[in-house]
Amino acid sequence: MDKHSLVIIGGGPAGMAAAVEAKKSGIDDIVIYERDTQLGGILNQCIHNGFGLHTFKEELTGPEYAGRFIGQTEALGIHYETGSMVLSISSDKKVTVVSREKGLRVVEADAVILAMGCRERPRGALNIPGMRPQGIYTAGTAQKMVNCEGWVPGKEVVILGSGDIGLIMARRMTLEGAHVKLVAELMPYSGGLKRNIVQCLDDYNIPLKLSHTVVDIKGKRRLEGVTITEVGKNGAPIPGTEEYYSCDTLLLSCGLIPENELSSNAGITINNTTNGPVVDDRLETNIDGIFACGNVLHVHDLVDFVSEESGRAGRNAAEYIKNGGRKENSAKCINVTPGNGVRYTVPSVIDTANLTENIHLRFRVRDVYKGCSIEVKTGSETLLCRKKKIMVPSEMEDVILKKELLSASGDITVSITEGGA
């Protein structure tokens, strides 16, 4: 059986950032297992710019951003194995991995960091009626086709879902000569960042139809067209609002799902809202010594936030290893509960007895809120109140709670309230 101090599953931006910080924190025996043929993850196909403004203070493309971390990983001598698929993780941190070069083996670890990222929601999960012709792709699949493989899936395009990948692909397909007829979004608000709506749709006169969805697909061998209809507040189609659009390509950008089959099978508690592990302020799961970070934990809107969060996971895993594979006994843990207007929080638990730094509390709101405040309370005491002009579900919120305030507090609730300071 192989043995490593730290095993990191996933060689995307999360896995590399965690490895770099763990190495800088004094852990030398690190291995990254990546199932693809190269490090970088999804960034390798994201050739548009807009990455790195927070991390590197400059605008980079996805491959450039990944290249920075690949360079750091190699400069620090961190071992990584590409083409290596992790099949299972046990509760005692034994990792089963298979590769063409080394075959099937079991690797024992002092600590494990989960950084597997996420996948797109497929057509089968959307319950769209109609035939199953050629020409229906997830937006990420189409992005890989165009940017990595050099071919365009079609010329007349409809996009369902206004997630960031879908918005970016509306622009990308247009630049490749395709006609993007519209982007339809089931919700009454966009699922992507405001800047992507402006730069990818408005700048190219591509219409965005909110509260609309696909209700029928026409075509047997090849997609011929789709029927779009308006939906009510309950999400049900409104009769009489049907519109038919001829097209040869339908791209689906209807959400991302954290890749947590390995986590569930290991006995890690999963948050039903995020579909990611439940973690404490160290980003440690309910299984001692297994940490989670990046999009496998909860879907982020900026890769810079992934890197920052994953760096903390790497430092905390390093501290865990240096303490002999155990964390200090906790005298007091407080629960973090999502209140009015808040879908979830990360972390869900804070160990106030062993706080070493301020807490980044990240969450998403349930709806569009204007002129409201973020309020963090313990009982009747307000720990933080921050007024925001606008909050939308597509953008992750981040508040910093000072450790001095938390050390004397009880369970806390994060809510959205009208007005505020």
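Residues numbered from 1 in each chain as written. Predicted model: local features only at pLDDT ≥ 70, side-chain atom pairs only at ≥ 80, totals over all residues. Heavy atoms only, no water.

A.B. asks: Just give me the short version of the overall build of the protein, but keep the residues and values in it.
C.D. replies: Along the backbone of the protein there are 8 helices and 25 strands. Taking 2.2 N^0.38 as the reference for a compact globule, 421 residues should give roughly 22 Å; the C-alpha atoms of the protein span a radius of gyration of 22 Å, in line with that estimate. On the principal axes, the C-alpha backbone points of the protein span a range of 65 × 60 × 40 Å. Looking at the protein residue by residue over its 421 residues, the buried ones come to 53%. In the protein, 62% of the contacts between residues at least 6 apart in sequence involve partners at least 24 apart. Taking the average place of the 47 positive charges on the side chains of the protein and the average place of its 52 negative ones, the gap between the two points comes to 2 Å. (Helix = DSSP H or I, 4+ residues; strand = E, 2+ residues; numbered from the N terminus. Rg over C-alpha atoms; globule rule 2.2 N^0.38 Å. Buried < 20%, exposed > 50% of the residue type's maximum accessible area, 1.4 Å probe, protein only. Contact = heavy atoms within 4.5 Å. Lys, Arg positive; Asp, Glu negative; His and termini not counted. Charge placed at Lys NZ, Arg CZ, Asp CG, Glu CD.)

A.B. asks: With reference to specific residues and values, describe the packing of helix α3 (residues 139-149) against helix α4 (residues 164-175).
C.D. replies: At a minimum axis distance of 9 Å, the contact between α3 and α4 shows a crossing angle of 35°. As α3 runs across α4, the sense of the crossing is left-handed. Packed against α3, whose contacting residues are A139, G140, A142, Q143, V146 and N147, the element α4 presents I165, G166, I168, M169, R172 and M173 at the interface. (Axes fitted to C-alpha atoms, helices over the stretch in contact; angles between N-to-C directions. Left-handed = near helix turned anticlockwise from the far one by under 90°.)

A.B. asks: Account for a nonpolar patch on the surface, with residues named and values stated.
C.D. replies: Together, M85, L87 and L104 make up a nonpolar patch on the protein surface, roughly 290 Å² of accessible area in all. Residue M85 is classed as partly exposed on the basis of its relative accessible area, which comes to 36%. (Patch = residues over 30% accessible without salt bridge, like charges linked within 9 Å, V, L, I, M, F, W, Y side chains within 5 Å. Areas by Shrake-Rupley, 256 points an atom, 1.4 Å probe, with all protein chains shown as cover. Salt bridge = Lys/Arg side-chain N within 4 Å of Asp/Glu carboxyl O.)

A.B. asks: Tell me about the state of the cysteines, and name the residues and values.
C.D. replies: Overall, the coordinates contain 0 disulfides when judged by the stated rule. The thiol of C247 is not disulfide-bonded; the next cysteine sulfur, from C254, is found 14 Å away. Of the residues examined, C247 reaches a relative accessible area of 4% and is grouped as buried. Free of any disulfide, C372 has its nearest cysteine sulfur in C385, 11 Å distant. (Disulfide = S-S within 2.5 Å.)

A.B. asks: Account for the pairing of strand β23 (residues 381-391), naming residues and giving values.
C.D. replies: Sheet topology places strand β22 (residues 369-378) next to β23; 9 bridges connect them, and they run antiparallel. Residue S373 lies in a different strand from β23, and its bridge partner there is K387. Linking β22 back to β23 in an antiparallel pair, the connection comprises 2 residues, with G379 at a positive phi of about 65°. (Pairing = 2+ DSSP bridges.)

A.B. asks: Break down unusual backbone geometry for me, with residues and values.
C.D. replies: Of note, the bond from V346 into P347 is cis; its omega dihedral lies within 30 degrees of zero at 10°. Its location among the elements puts P347 in the loop between β19 (342-346) and β20 (349-351). Within the chain, N127 stands out as a residue other than glycine whose phi angle is a positive 55°. Relative to the helices and strands, N127 resides in the loop between β7 (118-120) and β8 (136-138). Even without being a glycine, S211 presents a positive backbone phi close to 55°. Examined against the element boundaries, S211 turns out to sit in the loop between β11 (208-210) and β12 (212-218). Note on S211: relative accessible area 17%, which makes it buried.

A.B. asks: Could you give me a rundown of the packing of helix α1 (residues 13-24) against helix α2 (residues 62-75), with the residues and numbers involved?
C.D. replies: When two helices pack together, their arrangement is given by the angle between their axes and by how far apart the axes lie. Taken N-terminus to C-terminus, the directions of α1 and α2 make an angle of 35°; their axes are 10 Å apart at the nearest point. Between α1 and α2 the crossing geometry is left-handed. Contact residues: P13, M16, A17, V20 and K24 in α1; Y65, A66, F69, I70, Q72 and T73 in α2. Class assignment of the residues belonging to the contact of α1 with α2 gives a composition of 8 nonpolar, 2 polar and 1 charged. (Nonpolar A, V, L, I, M, F, W, Y, C, P; charged D, E, K, R; others polar.)

A.B. asks: If you had to explain the side chain of H48 to someone new, which residues and values would you point to?
C.D. replies: Counting through the fold element by element, H48 comes out in the loop between β2 (30-34) and α2. According to the relative accessible area criterion, H48 is buried, its value standing at 15%. Aside from chain neighbours lying at most four places away, what touches H48 is L60, T61, G62, Q143, I168 and R171.

A.B. asks: Give me the environment of N295: which residues, what numbers.
C.D. replies: Mapped onto the fold, N295 is located in the loop between β17 (290-292) and α7 (303-322). Distance in space between the C-alpha atoms of N295 and L60 is 20 Å, their sequence separation being 235 residues. Setting aside chain neighbours within four positions, we find N295 in contact with G117, C118, P258, H300 and V306. A polar atom in the side chain of N295 sits 2.8 Å from the backbone nitrogen of H300. (Polar contact = N/O pair within 3.5 Å; in protein donor to acceptor, adjacent residues only side chain to side chain.)

A.B. asks: Before we move on, could you go through the nonpolar core and cite the residues and values that matter?
C.D. replies: Counting residues in each nonpolar core, the largest one holds 63 residues, and the members touching the most others are L6, V7, I8, I9, I89 and L114. No other element matches α7, which puts 8 residues into this core. Ignoring sequence-local partners within four residues, the contact set of I8 consists of G15, A18, A19, I30, V31, I32, Y33, I113 and A115. Within the second largest apolar cluster, 22 residues are counted, among which are V336, V342, C372 and L401. (Core = buried A, V, L, I, M, F, W, Y, C linked by side-chain atoms within 4.5 Å.)

Interpretation in functional terms is not warranted from these geometric data alone.
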